[in-house]
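Spelled out from the first residue to the last, the chains are:
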Amino acid sequence: MSLVHFALRPRDGIFSKDGRGYYTSEIGRGHGHAWPLPPTIRGALRAALGRGIMEHEGRLLPPSEYEERTRALALEKVITLYRPRGHAFAPEHRVWPTPSDALHTSSGEASLLTRLSPEPPRGGTLAGQKEPALEALWRPYPGKKGKAQRPPPFWSDAAMMQWLWSDEIPSIHAAPTLVPSRRTDVHVTLEPDTLTATPSMMFSSEIVETTSSEGGDWALGVSVQLPEGLTLPPGPITLGNRRRLAPQEAVEAALFAPPDDRLVATPGLRLVLATPAHFERGVVPDGFEATAEHVYVGRLPHVDGKVVLRSALVPGPEDVSGWDMAKRAPKPTRRLVPAGSVYFFVKQDGAPFERAELRALWLTQWGRGTEDGLGVVLPGRWIPERKENA
């Protein structure tokens, strides 16, 4: 296997269709994800690798061989990038999904950002969980009044690093608004005989723009493991529905490197999902089991000893489907923990999380479907506000 890094720069927007059909309304509207999911990116890379094999060998691959020879391609890391036009990609151009432990509110004319820090539960939940360990997870109790606001989809790298490693609240309003704009493309097929539209071929699709009117470009930074002896063909890769062209651009490995100047040992750990994660039991991470004290205990990659799951701030699940090009059939639907979700941990023996462990955790993968780029995490500092009981 060989590891390569590069950026994909979609030139004319991205259409990454979600699980809803084209015929969910009378106008045949195709709904798209707000940003392409990692399995979509891996599918595009596998398709490019397969085309490269066929060009090199001068023959068409049957679907089964195509599937077999591209299966080992693994998407290790994928990050969203936004840069001023004309600049080379650098770590300050990384943008991250808004963490779910950040509460955006407004009070009058003022916009507020509050850090949600979980505490031991003060009572049960209306859901009445059958699993006592779920009921025992800590929850935040924000004290400030205000009207909740829809958060932006992304934070800048500077804001996220401050949020993860500092007690200060970042001033996200001073940063450029990191919201990709959208447009709607309308498609019509005309009957040559009657010069009227074919009813079944009238539909629209939601396109995420990748060039900003503020003079910036959106891109995807990827770190990919390729099967031994194989390389991706040079030139654009076709990405998402409608196979929109996305040229490749070389980037430095430093784009994926941890922020060494910020990493310090911490008594508690926050893990923010940079990409969606797939666990067998929904929000409960694989390998974590409830103890007689009604706490989840398990292990994390690159961390010594067992850890206690204290809290999980997880928005609603994200259902992801796909299409198997080899079998010409839909893939099984997966229910994922969305990007931006935050998990809180302490070590079972009370020891701190050391700097070396935090460095190893940076952009590592956690859970299932890691070959699809799922479960990429960002570590951050957490100081539990109350004495641990476990």
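Please refer to the structure placed before this passage.
Residues numbered from 1 in each chain as written. Predicted model: local features only at pLDDT ≥ 70, side-chain atom pairs only at ≥ 80, totals over all residues. Heavy atoms only, no water.

Break down the sheet that holds strand E6 (residues 110–115) for me, citing the residues and quoting the values.
Read across the sheet, 3 strands follow the order E6-E5-E7 without closing on themselves; strand pairing throughout is antiparallel. Whereas interior strands pair on both sides, the edge strands pair on one side only; in this sheet they are E6 and strand E7 (147–148). Pairing of strand E5 (residues 102–107) with E6, which is carried by 6 bridges, proceeds in the antiparallel orientation. Among the inter-strand pairings, Ser-107 is bridged to a residue of E6, identified as Ala-110. (Pairing = 2+ DSSP bridges. Helix = DSSP H or I, 4+ residues; strand = E, 2+ residues; numbered from the N terminus.)

Provide a residue-level description of the packing of helix H1 (residues 38–57) against helix H2 (residues 63–70), including the pertinent values.
Relative to each other, H1 and H2 sit at 115°, their axes nearing to 10 Å. Taken as axis vectors, H1 and H2 run roughly perpendicular relative to one another. Considering only the axes of H1 and H2, their crossing is right-handed. Packed against H1, whose contacting residues are Arg-46, Ala-47, Leu-49, Gly-50, Arg-51, Ile-53, Met-54 and Glu-57, the element H2 presents Tyr-66, Glu-67, Arg-69 and Thr-70 at the interface. Considering only residue class, the contact of H1 with H2 consists of 5 nonpolar, 2 polar and 5 charged. (Axes fitted to C-alpha atoms, helices over the stretch in contact; angles between N-to-C directions. Parallel < 35°, antiparallel > 145°, perpendicular 65-115°, else oblique. Left-handed = near helix turned anticlockwise from the far one by under 90°. Contact = heavy atoms within 4.5 Å. Nonpolar A, V, L, I, M, F, W, Y, C, P; charged D, E, K, R; others polar.)

Please give an account of the pairing of strand E1 (residues 2–8) that cites residues and values.
Summarising the sheet, E1 and strand E11 (residues 216–226) pair through 7 bridges and their orientation is antiparallel. Paired with Leu-8 across the two strands is Leu-220, which belongs to E11. Here E1 pairs with strand E14 (residues 248–250) via 3 bridges, running antiparallel. Paired with Leu-8 across the bridge in E14 is Gln-248.

Any chance you could break down the pattern of salt bridges for me, citing the residues and the numbers?
Throughout the structure, instances matching the rule amount to 30 salt bridges. As a salt-bridge pair, Arg-69 and Glu-65 come within 3.2 Å of each other at their nearest N and O atoms. One end of the pair, Arg-69, and the other, Glu-65, are both in helix H2, 4 residues apart, so they sit about a helical turn from each other. Judged by relative accessible area, which is 23%, Glu-65 ranks as partly exposed. In this structure, Asp-185 and Arg-183 form a salt bridge, with 2.9 Å as the shortest nitrogen-oxygen distance. Residue class for Asp-185 comes out buried when judged on its relative accessible area of 18%. (Salt bridge = Lys/Arg side-chain N within 4 Å of Asp/Glu carboxyl O. Buried < 20%, exposed > 50% of the residue type's maximum accessible area, 1.4 Å probe, protein only.)

Can you break down the environment of Asp-324 residue by residue, with the values?
Of note, Asp-324 is situated in strand E20 (residues 323–324). Classification of Asp-324 by relative accessible area gives buried; the value is 13%. Linking Asp-324 and Glu-209, residues 115 residues apart in sequence, is a C-alpha distance of 27 Å. Non-local contacts of Asp-324, meaning those with residues more than four positions away in its chain, are made with Ala-329 and Lys-331.

Pulling in residues and values, what's your account of the nonpolar core?
If you look at the biggest cluster of nonpolar residues, it comprises 52 residues, and the most contacted ones within it are Trp-96, Leu-300, Phe-345, Trp-366 and Leu-378. Listed by contribution, the elements that provide at least two residues to this core are strand E3 (74–84), helix H4 (157–165), strand E15 (268–273), strand E17 (296–298), strand E18 (307–313), strand E23 (342–347), helix H5 (355–361) and strand E24 (377–382). With 5 residues, the single largest contributor to this core is E23. Excluding its chain neighbours within four sequence positions, the residues that come into contact with Phe-345 are Gly-268, Leu-269, Leu-271, Phe-288, Leu-300, Val-307, Val-308, Leu-309, Arg-310, Phe-353, Trp-366 and Trp-382. Ile-41, Leu-45, Met-54 and Val-224 belong to the second-largest nonpolar core, a separate cluster that totals 29 residues. (Core = buried A, V, L, I, M, F, W, Y, C linked by side-chain atoms within 4.5 Å.)

No statement about biological role is implied by the geometric values presented.
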